Amino acid sequence: GNSVTQMEGPVTLSEEAFLTINCTYTATGYPSLFWYVQYPGEGLQLLLKATKADDKGSNKGFEATYRKETTSFHLEKGSVQVSDSAVYFCALGRTVTGGGNKLTFGTGTQLKVEL
Amino acid sequence: ETGVTQSPTHLIKTRGQQVTLRCSSQSGHNTVSWYQQALGQGPQFIFQYYREEENGRGNFPPRFSGLQFPNYSSELNVNALELDDSALYLCASSFKQAYNEKLFFGSGTQLSVL
């Protein structure tokens, strides 16, 4: 079945440091890929997505590129801020149309950004 | 537009009891999904409802059931609660059930089973 593997956290960085959170997936076909973010006490919010190979999703300075050859969707940001502190989830969408939009999530990576 | 709202925010039950969690989807959304998020884990898909019918189910036993109403709000019912059912239950809505459609999540209901 489909699965997502994320790097374990917590990841602790200083403000303005470069961020990479690794995500790899296992799936049949060509799934859509997502990054969701969960701030303390809040629900998950879509950060970015990519729907086909070589697509780059981007939002709020975060980027991730759909790499079919390495089955990866690593999240990057050039300069993190304290406000980026949250838990980040990589997720895999269904690989066929129809039948709903179930997501398969990774275990999440907690990011802590310090001054 | 209003977002996804869930009630209650916290709930404590004892083993063997039954619980009902509620979700109001975002305005204009006709698809609702429920997820279980255990502590330190990613959300796990329970099931999805589209136009009042179940449309996809994850690996959860039949004692997890749901409903979607004509106004697209939804309920999650869990019978015969077990200790392992303690988790954050998340509701998510979307405009349609397409496979790459953005989901809008509520803040969740934290269920503790003692």
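Scope of this entry: the structure provided in the associated data block. (Residues numbered from 1 in each chain as written. Chains lettered and ligands numbered in written order. Predicted model: local features only at pLDDT ≥ 70, side-chain atom pairs only at ≥ 80, totals over all residues. Heavy atoms only, no water.)

1. Observations regarding the overall build of chain B
- Of the regular secondary structure elements, chain B holds 0 helices and 11 strands.
- Tracing chain B from N to C terminus, the helices and strands come up as β-β-β-β-β-β-β-β-β-β-β.
- Counting all 114 residues of chain B, 51% fall into the buried class.
- A fraction of 53% describes how many contacts in chain B between residues 6 or more apart in sequence connect residues 24 or more apart.
- Side chains of chain B carry 8 positive and 9 negative charges; the gap between the two charge centres is 2 Å. (Helix = DSSP H or I, 4+ residues; strand = E, 2+ residues; numbered from the N terminus. Buried < 20%, exposed > 50% of the residue type's maximum accessible area, 1.4 Å probe, protein only. Contact = heavy atoms within 4.5 Å. Lys, Arg positive; Asp, Glu negative; His and termini not counted. Charge placed at Lys NZ, Arg CZ, Asp CG, Glu CD.)

2. Some thoughts on the sheet that holds strand β3 (residues 19–21) of chain A
Residues and elements named next belong to chain A.
- Ordered by their spatial adjacency, 4 strands build an open sheet running β3-β9-β8-β7, and the pairing between neighbours is antiparallel. Of all strands in the sheet, those with a lone pairing partner are β3 and β7 (56–59), marking the two edges. Strand-to-strand twist across the sheet, computed as the mean angle between neighbouring axes with direction ignored, equals 15°.
- Bridge count for β7 against strand β8 (residues 62–65) is 4 bridges, and the pairing is antiparallel. In the strand pairing of β8, G57 is matched with A64. (Pairing = 2+ DSSP bridges. Axes fitted to C-alpha atoms, helices over the stretch in contact; angles between N-to-C directions.)

3. Brief notes about unusual backbone geometry
- A cis amide bond links G9(A) with the next residue in sequence, P10(A), at an omega value of 0°.
- Assignment of secondary structure puts P10(A) in the loop between β1 (3–6) and β2 (11–14).
- The step from S7(B) to P8(B) runs through a cis peptide bond, and the omega angle for that step is -10°.
- Looking at the secondary structure, you find P8(B) in the loop between β1 (5–7) and β2 (10–13).
- Phi at D54(A) takes a positive value of approximately 75°, unusual for a residue other than glycine.
- Within the element layout of this structure, D54(A) appears in the loop between β6 (44–50) and β7.
- Judged by relative accessible area, D54(A) falls into the exposed class, the value being 53%.
- One non-glycine residue, E52(B), lies in the positive phi region at around 75°.
- Relative to the helices and strands, E52(B) resides in the loop between β5 (44–50) and β6 (53–57).

4. Focus on the interface of chain A and chain B
- Contact with chain A, which involves 24 residues of that partner, is made by 25 residues of chain B.
- Carbon and sulfur atoms supply 55% of the area buried between chain A and chain B, which totals about 1,800 Å² over both sides.
- Of all residues in chain A, L44(A), N101(A) and F105(A) give up the largest surface area on contact with chain B, accounting jointly for 29% of the area buried on that side.
- In this assembly, chain A and chain B are joined by 0 salt bridges.
- Counting every contact that joins chain A to chain B gives 3 residue pairs in polar contact (both at pLDDT 80 or more).
- For the side of chain A that touches chain B, the secondary structure elements donating two or more residues are β5 (33–38) and β6 of chain A.
- Looking at the side of chain A that touches chain B residue by residue, the class counts come to 8 nonpolar, 12 polar and 4 charged. (Buried area = accessible area lost by both parts, 1.4 Å probe. Salt bridge = Lys/Arg side-chain N within 4 Å of Asp/Glu carboxyl O. Polar contact = N/O pair within 3.5 Å; in protein donor to acceptor, adjacent residues only side chain to side chain. Nonpolar A, V, L, I, M, F, W, Y, C, P; charged D, E, K, R; others polar.)

5. Remarks on the layout of surface pockets
- When its volume is computed, the largest pocket comes out at roughly 630 Å³.
- Contributing to the lining of the largest pocket are 28 residues, with Q38(A), Q37(B), L39(B), G40(B) and L88(B) lying nearest its centre.
- Of all elements in the fold, only β10 (86–92) and β12 (109–114) of chain A reach the threshold of two or more residues within the lining of the largest pocket.
- The element that contributes the greatest number of residues to the lining of the largest pocket is β12(A), accounting for 4 residues.
- Looking at the lining of the largest pocket residue by residue, the classes come out as 9 nonpolar, 16 polar and 3 charged. (1 Å grid on protein atoms, 1.4 Å probe; cavity = no way out; pocket = protein on both sides within 12 Å on 5 of 7 lines; lining within 4 Å. Points joined across faces, edges and corners; volume = space filled by probe spheres on them.)

6. Describing the side chain of Q6(A)
Residue and element names in this part refer to chain A.
- Within the secondary structure layout, Q6 lies in strand β1.
- Residue classification places Q6 among the buried positions, given a relative accessible area of 7%.
- Among the polar contacts made by the side chain of Q6, one reaches the main-chain amide nitrogen of C90 at a distance of 3.0 Å.
- Of note is the side chain of Q6, whose polar atom sits 3.0 Å from the side chain of T109.
- Sequence-distant contacts of Q6, that is, excluding residues within four places in its chain, are made with I21, N22, W35, Y88, F89, C90, G106, T107, G108 and T109.

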